[in-house]
Amino acid sequence: MNAPIPSPDTLPVAWNWLQGLLMLMFPLHLLLMNAMLGFTAVSLYARMKGGETDERLAHELAKALPVLIAIAINFGVAALLFLQVLFGQFFFTSSVLMAVFWLSVPLILIVAYYAAYLYDFRFATLGKRGALPIALTLIGFLGIAFIYTNNNTLMLEPQRWVAYFSNRGGTMLNTGSAATWPRYLHFMTGGFAAGGLFVALFGRFKERRDPPLGARAVELGMNLFTTLTLLQIAVGFWFFIALPRTVMLLFLGGSVTATALLAVGLTLALAALAAGFKRSVVLSAALTIPLVFVMAFMRDAVRTGYLKPFFTPDMLKVAPEYSPVVLFFITLMAGIVTIVWMLRKTARVYRTII
Amino acid sequence: MNYPVWYLPGVGGGLLIASIAILHVFISHFAVGGGLYLVFAERKGLREKSRAILDFTRSHAKFFLLMTVVAGGVTGVAIWFIIALVHPGATSLLIHIFVLGWATEWVFFLVEIVAIFVYFYTFGKMDDRTHQIVGWIYFLAAWFSLLLINGIIDFMLTPGAWLENGSFWSGFFNPLFWPSLVFRTAVACMFAGVYAFLTTSFLKDETTRRTMTLFSGKWVLVSWLAAIPCGIWYYASVPPPARTLIAGASPTIQRALQAGFWSLIILALLTLILVVLKPARHSRPVALFVFLSAFVFMGAFEWSREAARRPYVINQLMYSNGVLQADVAGLQKNGFLPAARWANLKEIHEENLPDAGKELFILQCYACHTIGGVNNDFLARTRTMSYPAMLAYLRTIHDKRYFMPPFAGNDQEARALAAFVVKGLHGKEIGEGTGTGGSRDPGEDVFEEHCSMCHTLRGGGNPLLPKLAGWDPQRIRHALDMLDKLKGGIMPPLKAPPADKDALAGFLAASLRGGSK
């Protein structure tokens with residue numbers, strides 16, 4: 001039986017506009033999620049470890065967490081929108097096939113999010129018991145990431161969709177696919193590593209006013225970053241060889257762009273790791289942020305490789321209407337100006353207070 | 001028919017959508033009106049130089065943040081998830097037509113989040129003027145979010161000129177856009193007061209509680225009064241077929257509207273008591289009661305709005321089951337199953353009739369009907385129908401009951417679906433005859449074909465004989481010619497030859513005398 005791929009709908013603007021926006025929003029979403037993971041994990045560790053500095057660090061990270069979660073969700077919405085408009089016929093289908101898990105994402109998220117608030121607002125009164133809600137948050141995040149990995153791989157493998165006819169209740173997962181587990185571990189390892197780096201950056205930011213706390217954040221964050229980035233050498237390799245041969249070969253000369261991305265990615269990763277071992281936080285971050293963009297582009301190249309036998313976005317029909325693009329960009333500009341204004345006013349408040 | 005169906009026969013997608021959507025809408029309207037409330041409450045505190053009012057505003061802002069950013073924001077994402085799971089085809093259309101509208105809404109969502117965090121975390125630390133400006137920024141961003149989503153939601157009921165020209169702007173500024181926007185704005189401000197009743201009920205200081213209860217009550221009452229003309233304008237802008245459903249043709253909408261009406265009355269009365277008569281009587285149970293009334297009202301409104309769109313998910317474009325209106329004639333001619341991408345059976349034989357019918361049920365009926373579930377139970381609605389009656393009903397389903405989509409399949413597929421219902425679900429025989437050896441009253445066949453989808457003779461949800469108690473045969477026969485004039489035009493006219501009506505009248509009269517089971 002041929003894979004029953006639905007017919008896609010018509011785009012209002014050329015696909016590359018939307019692809020450009022996807023490739024901007026998704027890495028930003030990744031960076032925010034990485035920070036969210038790092039703050040959660042380090043805060044949990046420091047809370048459990050105890051001691052005056054660690055507890056203070058755990059609380060400071062906890063205070064920032066709800067804001068990070070909110071903005072990470074927000075950027076996730078934008079990325080998901082552009083994903084659905086370009087690859088909806090694949091993504092909507094895989095979502096239906098695993099509907100029960102997919103719908104549990106917002107439910108888990110609400111619980112994880114409220115647990116993070118409980119942990120922050122009741123930090124002192126909860127004491128050591130505070131480890132429970134923040135552990136719940138962390139487990140929730142790990143679960144959501146697992147569901148996303150399943151959906152994002154199932155959408156790429158229409159040949160696996162026919163299993164639907166023996167299970168229409170939406171309880172499929174894609175764990176039977178060779179790439180799912182290594183992909184999940186690859187993203188989680190990378191996510192926590194970059195998250196550690198964000199904790200270290202937070203430490204640098206705090207260092208001037210609270211040297212012990214800043215130093216501890218840098219220490220824990222950079223340890224997490226370097227250890228997991230070393231581990232990533234093994235995990236990343238596993239993921240690479242678990243990819244279908246045609247997709248893997250794209251990165252080994254099959255596609256100039258994919259091969260170049262891999263080369264740049266590896267170089268940036270090694271350089272960031274070297275900077276990490278030297279405890280050079282800002283340099284590591286300056287290398288890792290573009291690295292996350294490169295990794296997102298590589299992920300897109302993997303998607304393109306998987307879907308190539310069925311679909312490329314340039315096949316989508318377009319009924320052009322560009323005036324809404326103007327509306328979007330004007331709103332975006334006005335939004336950025338407004339946000340910058342509010343943040344400057346906020347920064348002034350905190351400078352005055354401190 | 002383009003996408004697979006998430007099949008949970010005992011639950012149904014509609015109930016899942018409704019439960020998430022009503023919860024979200026109840027919070028999201030608060031997220032808009034509540035922002036304006038914060039600005040005005042803070043201004044009141046500053047003008048009156050009242051530390052207590054400012055403290056209350058700050059704690060209300062904390063409640064607001066926790067309620068809107070977490071539960072409100074994430075249930076908004078959840079609606080998107082659930083509609084894409086239940087109506088993937090329609091969601092895909094809405095995403096594609098309005099992608100840049102959604103993207104613009106995302107910008108406002110981002111501004112909203114940043115503004116509410118800044119507002120809450122700098123309360124009492126930022127200079128008053130700037131802090132109030134941040135409050136206004138939050139409110140405006142939230143209101144523009146409402147404006148954008150409002151345009152897209154209303155498009156589903158009134159696509160307007162978009163159907164002819166396919167323009168984003170025609171679809172967005174559709175006939176319902178303005179009435180719905182002002183109505184929702186009024187509701188949002190009303191909810192600002194309703195939610196504030198909750199937080200004021202926790203105030204310990206008697207004077208502040210009284211002051212802020214009065215303040216909140218004014219928000220509710222003024223918005224309540226404003227919502228009435230807006231609601232009338234909204235109703236008047238609804239297209240005629242949907243208005244007929246709201247006016248009485250749909251029993252489910254009638255129940256929802258009654259619940260909505262009484263909850264609005266209770267809400268207004270309780271608020272009046274609090275504001276005018278006994279502000280001191282404000283307590284947590286009263287606040288909770290007002291809150292629940294508002295929730296029921298919102299649920300009733302959203303339920304009615306969604307239900308009035310039937311048989312479409314996007315009016316005049318796509319039916320609730322994902323079949324495009326433009327495709328129906330072709331599907332009736334050439335068959336549905338060969339064209340449906342996610343049908344497991346493509347060919348029909350006499351042996352696989354019920355199995356093929358089940359595929360058709362999943363792809364065409366399950367979008368609205370459950371099997372034995374709470375919402376639109378298919379079993380209860382088809383229990384009394386024989387195979388010929390079911391078959392005849394399927395062929396004229398949309399004409400008989402406007403809110404049902406037409407059956408999009410050929411004759412063989414209609415037989416398959418009827419076989420699934422009659423034999424597969426109810427275990428009855430599917431002979432082409434009546435199945436009673438010819439001794440059956442011919443009027444009974446007419447009853448099954450034309451009446452049994454809504455009525456039983458006795459018992460069940462809508463029995464017919466008690467309504468006819470004391471009627472003579474002539475009166476029954478006369479009524480059959482004017483069904484659409486009875487009871488305020490709820491019933492469709494009976495489209496049957498006079499001989500069938502005679503037979504039906506005879507059957508009903510005999511049944512009244514106890515001559516028929």
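Keep in mind the model is a prediction, meaning the values are calculated, not measured.

Draft legend 1. Representation of the packing of aromatic side chains within the structure. Using the criterion set out here, one finds 65 aromatic pairs over all chains in the structure. A ring pair is formed by A:Tyr117 and A:Phe121, whose centres lie 5.2 Å apart and whose planes are at 45 degrees; its orientation type is tilted. Taken together, the residues span about one helical turn, with A:Tyr117 and A:Phe121 both in helix H3 (residues 99-121) at a distance of four residues. On the basis of relative accessible area, A:Tyr117 is assigned to the buried category, the value being 2%. Judged by relative accessible area, which is 27%, A:Phe121 ranks as partly exposed. Relative to A:Phe251, the ring of A:Phe240 lies with its centre 6.2 Å away and its plane at 70 degrees, an arrangement referred to as edge-to-face. Of this pair, A:Phe240 sits in helix H7 (residues 211-242) while A:Phe251 sits in helix H8 (residues 245-254); the two residues are eleven residues apart in sequence, bridging distant segments of the chain. The class for A:Phe240 is buried, based on a relative accessible area of 18%. Judged by its relative accessible area of 4%, A:Phe251 is buried. Joined through ring pairs, the aromatic side chains of B:Phe26, B:Phe30, B:Phe63, B:Phe64, B:Tyr138, B:Phe191, B:Tyr195, B:Phe291 and B:Phe295 make up one cluster. Positioned above the aromatic ring of B:Phe403, the side-chain terminus of B:Arg310 is 4.7 Å from the ring centre.

Draft legend 2. Structural context of the environment of B:Asp327. Tracing the backbone through its elements, the reader meets B:Asp327 in the loop between strand E2 (318-319) and helix H13 (328-334). When the C-alpha atoms of B:Asp327 and B:Ser59 are compared, they prove to be 55 Å apart, with 268 residues separating the residues in sequence.

Draft legend 3. Representation of the packing of helix H1 (residues 15-49) of chain A against helix H5 (residues 131-154) of chain A. All names here are of chain A. Two elements in contact, H1 and H5, have axes separated by 10 Å at closest approach and are oriented at 150 degrees. Looking at the two axes, H1 sits roughly antiparallel to H5. Crossing handedness for the pair H1 and H5: left-handed. Seen from H1, the contacting residues are Met36, Leu37, Thr40, Ala41, Leu44, Arg47 and Met48; seen from H5, they are Ala131, Ile134, Ala135, Thr137, Leu138 and Phe141. In terms of residue class, the contact of H1 with H5 is built from ten nonpolar, two polar and one charged.

Draft legend 4. Seen up close, helix H2 (residues 52-97) of chain A. Residue and element names in this part refer to chain A. Between its first and last C-alpha, H2 extends only 49 Å over 46 residues, short of the 68 Å set by a 1.5 Å rise per residue. Taking the largest bend as the criterion, H2 deviates by roughly 110 degrees, centred on Phe87. In terms of burial, H2 is largely enclosed, as 38 of its 46 residues are buried.

Draft legend 5. Region of the structure containing the confidence of the model for chain B. Residue and element names in this part refer to chain B. Counting all residues, the mean pLDDT for chain B is 91, and 97% of those residues have values of 70 or more. Per-element confidence in chain B is highest for helix H4 (residues 99-121), whose mean pLDDT is 98, and lowest for helix H10 (residues 240-249), whose mean pLDDT is 83. Contacts of residues 433-437 to residues separated by more than four positions or lying in other chains number three contacts, the stretch itself having pLDDT below 50. Confidence metrics for the complex model read pTM 0.93 and ipTM 0.96.

Draft legend 6. Structural detail: a nonpolar patch on the surface. All names here are of chain A. Together, Trp181, Leu185, Phe237, Trp238 and Ile241 give the surface a local cluster of nonpolar side chains, amounting to about 520 Å² of exposed area. Counting residues per element, the ones that place at least two in the nonpolar patch are helix H6 (180-207) and H7. Counting through the fold element by element, Trp238 comes out in helix H7. The class for Trp238 is partly exposed, based on a relative accessible area of 40%.

Draft legend 7. Focus on the side chain of A:Asp300. All names here are of chain A. On the secondary structure map, Asp300 appears in helix H10 (residues 281-307). Within the structure, the side chain of Asp300 is placed 2.9 Å from the side chain of Gln19, a separation counted as a polar contact. Not counting residues up to four positions away in its chain, the partners in contact with Asp300 are Gln19 and Met23.

Draft legend 8. Seen up close, unusual backbone geometry. The residue after B:Arg310, namely B:Pro311, is reached through a cis peptide bond having omega 10 degrees. Its location among the elements puts B:Pro311 in the loop between helix H12 (284-308) and strand E1 (312-314). Phi is positive for A:Arg279, close to 60 degrees, though the residue is something other than glycine. Here A:Arg279 shows up in the loop between helix H9 (256-277) and H10. Under the relative-accessibility criterion, A:Arg279 is labelled partly exposed at 31%. A positive phi angle, close to 65 degrees, is found at B:Gln316, a residue other than glycine. Here B:Gln316 lies in the loop between E1 and E2. Residue B:Gln316 is classed as partly exposed on the basis of its relative accessible area, which comes to 35%.

Draft legend 9. Representation of the state of the cysteines within the structure. Residues and elements named next belong to chain B. Enumeration according to the criterion identifies zero disulfides over all chains in this entry. Here Cys365 stays unpaired: no disulfide links it, and the sulfur of Cys368, its closest cysteine neighbor, is 9.1 Å away. Overall, the relative accessible area of 28% leaves Cys368 in the partly exposed class.

Draft legend 10. Quick look at the interface of chain B and chain A. Taken residue by residue, the interface counts 66 residues in chain B and 73 residues in chain A. Summed over both partners, the interface of chain B with chain A buries about 6,300 Å², with 78% contributed by carbon and sulfur atoms. Its largest share of buried area at the contact with chain A, chain B owes to B:His96, B:Trp106 and B:Trp342, together 13% of the area lost on that side. For the pair chain B and chain A, the interface holds one salt bridge. Two residues, A:Arg168 and B:Glu359, come together in a salt bridge whose shortest N-O distance is 2.5 Å. Counting across the chain B and chain A interface gives 17 residue pairs in polar contact (both at pLDDT 80 or more). Listed by contribution, the elements that provide at least two residues to the side of chain B that touches chain A are helix H2 (51-86), helix H3 (88-97), H4, helix H5 (128-157), helix H7 (168-172) and helix H14 (353-365) of chain B.

Draft legend 11. Spotlight on the pattern of salt bridges. Within the structure shown, the criterion is met by 21 salt bridges over all chains. Between A:Arg303 and A:Asp300 there is a salt bridge whose closest N-O contact spans 2.8 Å. Linking A:Arg303 with A:Asp300, this pair stays in helix H10, spanning three residues, or about one helical turn. Taken as a pair, A:Arg303 and A:Asp300 share a single burial class, namely buried. B:Arg477 is the partner of B:Asp481 in a salt bridge, and the nearest nitrogen-oxygen pair spans 3.1 Å. Among the charged side chains, a salt-bridge network with shared partners connects B:Arg184, B:Glu302, B:Arg305, B:Glu306 and B:Arg309.

Rules of the game
Residues numbered from 1 in each chain as written. Chains lettered and ligands numbered in written order. Predicted model: local features only at pLDDT ≥ 70, side-chain atom pairs only at ≥ 80, totals over all residues. Heavy atoms only, no water. Phe/Tyr/Trp six-rings, centres within 6.5 Å; stacked < 30°, edge-to-face > 60°. Helix = DSSP H or I, 4+ residues; strand = E, 2+ residues; numbered from the N terminus. Buried < 20%, exposed > 50% of the residue type's maximum accessible area, 1.4 Å probe, protein only. Lys NZ or Arg CZ within 6 Å of the ring centre and 35° of its normal. Axes fitted to C-alpha atoms, helices over the stretch in contact; angles between N-to-C directions. Parallel < 35°, antiparallel > 145°, perpendicular 65-115°, else oblique. Left-handed = near helix turned anticlockwise from the far one by under 90°. Contact = heavy atoms within 4.5 Å. Nonpolar A, V, L, I, M, F, W, Y, C, P; charged D, E, K, R; others polar. Expected span 1.5 Å × (residues − 1). Bend = angle between axes of the 7 residues up to and from the residue. pLDDT = per-residue confidence, 0-100. Patch = residues over 30% accessible without salt bridge, like charges linked within 9 Å, V, L, I, M, F, W, Y side chains within 5 Å. Areas by Shrake-Rupley, 256 points an atom, 1.4 Å probe, with all protein chains shown as cover. Salt bridge = Lys/Arg side-chain N within 4 Å of Asp/Glu carboxyl O. Polar contact = N/O pair within 3.5 Å; in protein donor to acceptor, adjacent residues only side chain to side chain. Disulfide = S-S within 2.5 Å. Buried area = accessible area lost by both parts, 1.4 Å probe.

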